[in-house]
Every structure is written in C-alpha cells, then in structure tokens.
Amino acid sequence: DGGITQSPKYLFRKEGQNVTLSCEQNLNHDAMYWYRQDPGQGLRLIYYSQIVNDFQKGDIAEGYSVSREKKESFPLTVTSAQKNPTAFYLCASAPRGTTGANVLTFGAGSRLTVL
Amino acid sequence: GQNIDQPTEMTATEGAIVQINCTYQTSGFNGLFWYQQHAGEAPTFLSYNVLDGLEEKGRFSSFLSRSKGYSYLLLKELQMKDSASYLCAVRVVMNTGFQKLVFGTGTRLLVSP
C-alpha cells in the first residue's frame, strides 16, 4: 500500500541536542511538507519542497533544516536553535500541480519531547 | 495575513446533527478543505469546496460561501467514533505560484451516548 512513513513515532531529546525526523513516501508525489502542531494551534508550515534538490522555508522555519536528495525522502532536523521544539510533527505529500481536490496525504506523525 | 477561525470545542449526542462553522480571511483563495483528526493521529481528508454551495458525502456535508468567507461542516447521525478534532483549511496561492494549506486551530467534537 502506498503511503507516508514517519519515524520515530515518539522521541525524547535533551536540550541542546539536534534530532532528525524521518519522512519517506512511496506515492510518487513531487511535493512534500513538514508541519508542526501544538495544542490549541493550527498546523503550521515549517518547510516544503516542490521537487528534488529544492526546498523553501515555510512560516516557522527558524531552528529547523531539511534536505531533499531523493524524491521519496524529506527528513527534518530540529536543531538546538529551536527554542520550543516540543510538538507533534506531521509530514505530508501531494502530487505536482496541486489543483482541484488533490489533497495532502499525511504521515502518522512524530511526537518530540524535549526534557 | 491569513486568518481562519473555528470554535474550540463542541459537544453533541449520538444520533444528532452538528454543524461546525469556519470563517476565513485569506488572500489567494483556491479551495477549502475539512479534515478529521483523532488524538495523536494524522489528519484524514473529509471534504473539499471551491465553488459556492453544498457538497454531500454520506453522513458528512460541507458548505462554502466565498463572498462571506464562510464554510460549515455538517455531520448527521452522529456516532461515537465521530469524536475527534475537525480542521478547516484554506488552500492559498502565493506570489511564487506555490499553493499551501493554511489551517484553523481545529474544533474538538465530543459525542456522548
């Protein structure tokens, strides 16, 4: 079955440590996204990539970095510069030229807790 | 700026009908989506509106008025499994031509027996 796999599902990190969240999709989608979800707030866009080897900052990119070396993979690194990293992170993908009812497909999410 | 408002929480009884409202002020509007999200899980797509009017899909219907910046999600014959958060999201087209989804904070629906 096609889909998006995020790992790990739960992650604990000490302050000052970088951590990388994995996102892999086998849907042959060109576009991939990282969102962050906090209690009482909507999903906020961190980074997005429309094509391999290209990515753009979203609304809250500070303290995060990404890479897009393969179409299937879009890992997110939460760096020590991110002041409040504890959150639920969602990866998503969509076909190229998202129009009509083409929608985002989400992964199951990764919950990061900073101790 | 982009702003999407929806109620924080609603309660309803099994078998009843509930309407979840969403108002938005955005630029570059290109469609409105409703997602369902159970706690700790990924959002799943429910409905999409780009033209004014009602879209019906089984027990769920969604309405859009672009001139009023208003949408609602109507859930009929409520079941316990419908207890979840319902996310309103607007697809906007940015200056670069890229399209992204802007999400509201979500409405948590609690269905009681």
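In what follows, the accompanying structure is described.

Thresholds, definitions, all that
- Residues numbered from 1 in each chain as written.
- Chains lettered and ligands numbered in written order.
- Predicted model: local features only at pLDDT ≥ 70, side-chain atom pairs only at ≥ 80, totals over all residues.
- Heavy atoms only, no water.
- Helix = DSSP H or I, 4+ residues; strand = E, 2+ residues; numbered from the N terminus.
- Rg over C-alpha atoms; globule rule 2.2 N^0.38 Å.
- Buried < 20%, exposed > 50% of the residue type's maximum accessible area, 1.4 Å probe, protein only.
- Contact = heavy atoms within 4.5 Å.
- Areas by Shrake-Rupley, 256 points an atom, 1.4 Å probe, with all protein chains shown as cover.
- Pairing = 2+ DSSP bridges.
- Axes fitted to C-alpha atoms, helices over the stretch in contact; angles between N-to-C directions.
- Buried area = accessible area lost by both parts, 1.4 Å probe.
- Salt bridge = Lys/Arg side-chain N within 4 Å of Asp/Glu carboxyl O.
- Disulfide = S-S within 2.5 Å.

A few words on the overall build of chain B. Looking only at helices and strands, chain B has zero helices and 11 strands in total. Mapped from its N terminus to its C terminus, chain B presents α and β elements in the order β-β-β-β-β-β-β-β-β-β-β. For chain B, whose C-alpha radius of gyration is 14 Å, the value lies close to the compact-globule estimate of 13 Å for 113 residues. Counting only C-alpha atoms and orienting by the principal axes, one finds that chain B spans roughly 50 × 30 × 20 Å. Within chain B, the fraction of its 113 residues that count as buried is 46%.

This paragraph deals with the overall build of chain A. A tally of helices and strands in chain A yields zero helices and 11 strands. The N-to-C order of helical and strand elements in chain A reads β-β-β-β-β-β-β-β-β-β-β. Radius of gyration (C-alpha) of chain A: 13 Å, near the 13 Å computed for a compact globule of 115 residues. Seen through its C-alpha atoms, chain A measures out along the principal axes to roughly 40 × 30 × 25 Å. Residue pairs at least 24 apart in sequence account for 52% of intrachain contacts in chain A once pairs closer than 6 positions are excluded. For chain A, the accessible area works out to roughly 5600 Å², and carbon and sulfur atoms hold 47% of it.

Right, let's talk about the sheet that holds strand S8 (residues 76-78) of chain A for a bit. Residue and element names in this part refer to chain A. On the basis of which strands lie adjacent, the open sheet formed by four strands has the order S1-S3-S8-S7 and antiparallel pairing. Each having just a single partner strand, strand S1 (4-7) and strand S7 (64-66) make up the two edges of the open sheet. Here the average twist between neighbouring strands, direction ignored, is 20°. Pairing geometry for strand S3 (residues 19-25) and S8, over three bridges, is antiparallel. Counted as the bridge partner of leucine 21 is leucine 76 from S8.

Turning our attention to the sheet that holds strand S1 (residues 3-5) of chain B. Residue and element names in this part refer to chain B. Taken in spatial order, the five strands make up an open sheet running S1-S3-S8-S7-S6, and their pairing is antiparallel. What marks the edges here is a single partner per strand, and that holds for S1 and strand S6 (53-57). Neighbour-to-neighbour, the strand axes of this sheet turn through a mean angle of 15°, independent of strand direction. As defined by bridge partners, S6 adjoins strand S7 (residues 60-65) across five bridges and the pair is classed as antiparallel. Paired with lysine 57 across the strands is phenylalanine 60, a residue of S7.

Contacts between the two partners involve 25 residues from chain A, matched on the other side by 19 residues from chain B. In total, about 1600 Å² of surface goes out of reach between chain A and chain B, with carbon and sulfur atoms giving 59% of it. The interface formed by chain A and chain B includes one salt bridge. A salt bridge links lysine 100 of chain B to aspartate 59 of chain A; its shortest N-O distance comes to 2.9 Å.

Our focus in this paragraph is the pattern of salt bridges. Going through the model one piece at a time under the given rule, you end up with eight salt bridges over all chains. As a salt-bridge pair, glutamate 9 of chain B and arginine 108 of chain B come within 2.6 Å of each other at their nearest N and O atoms. Highlighted residues: glutamate 9 of chain B in strand S2 (residues 9-13) and arginine 108 of chain B in strand S11 (residues 107-112), separated in sequence by 99 residues. You can call glutamate 9 of chain B partly exposed: its relative accessible area is 45%. Taken together, the shared-partner salt bridges in this structure form one network comprising Arg36, Asp38 and Arg44 of chain A.

In the structure shown here, the tally under the stated rule is two disulfides over all chains. Disulfide pairing places cysteine 23 of chain A opposite cysteine 91 of chain A at an S-S distance of 1.9 Å. Across the S-S bond of cysteine 23 of chain A and cysteine 91 of chain A the torsion is about -75°, and the bridge reads as left-handed. Pair noted here: cysteine 23 of chain A is in strand S3 and cysteine 91 of chain A is in strand S9 (residues 87-94), with a separation of 68 residues, a long-range link. In this model cysteine 22 of chain B forms its disulfide with cysteine 88 of chain B; the gap between the sulfur atoms is 2.0 Å. Sign of the S-S torsion, about -70° for the bond between cysteine 22 of chain B and cysteine 88 of chain B, identifies this disulfide as left-handed. Here the residue cysteine 22 of chain B occupies a position in strand S3 (residues 18-25), and cysteine 88 of chain B occupies one in strand S9 (residues 84-93), the gap between them amounting to 66 residues. Neither residue differs from the other here; cysteine 22 of chain B and cysteine 88 of chain B are each classed as buried.

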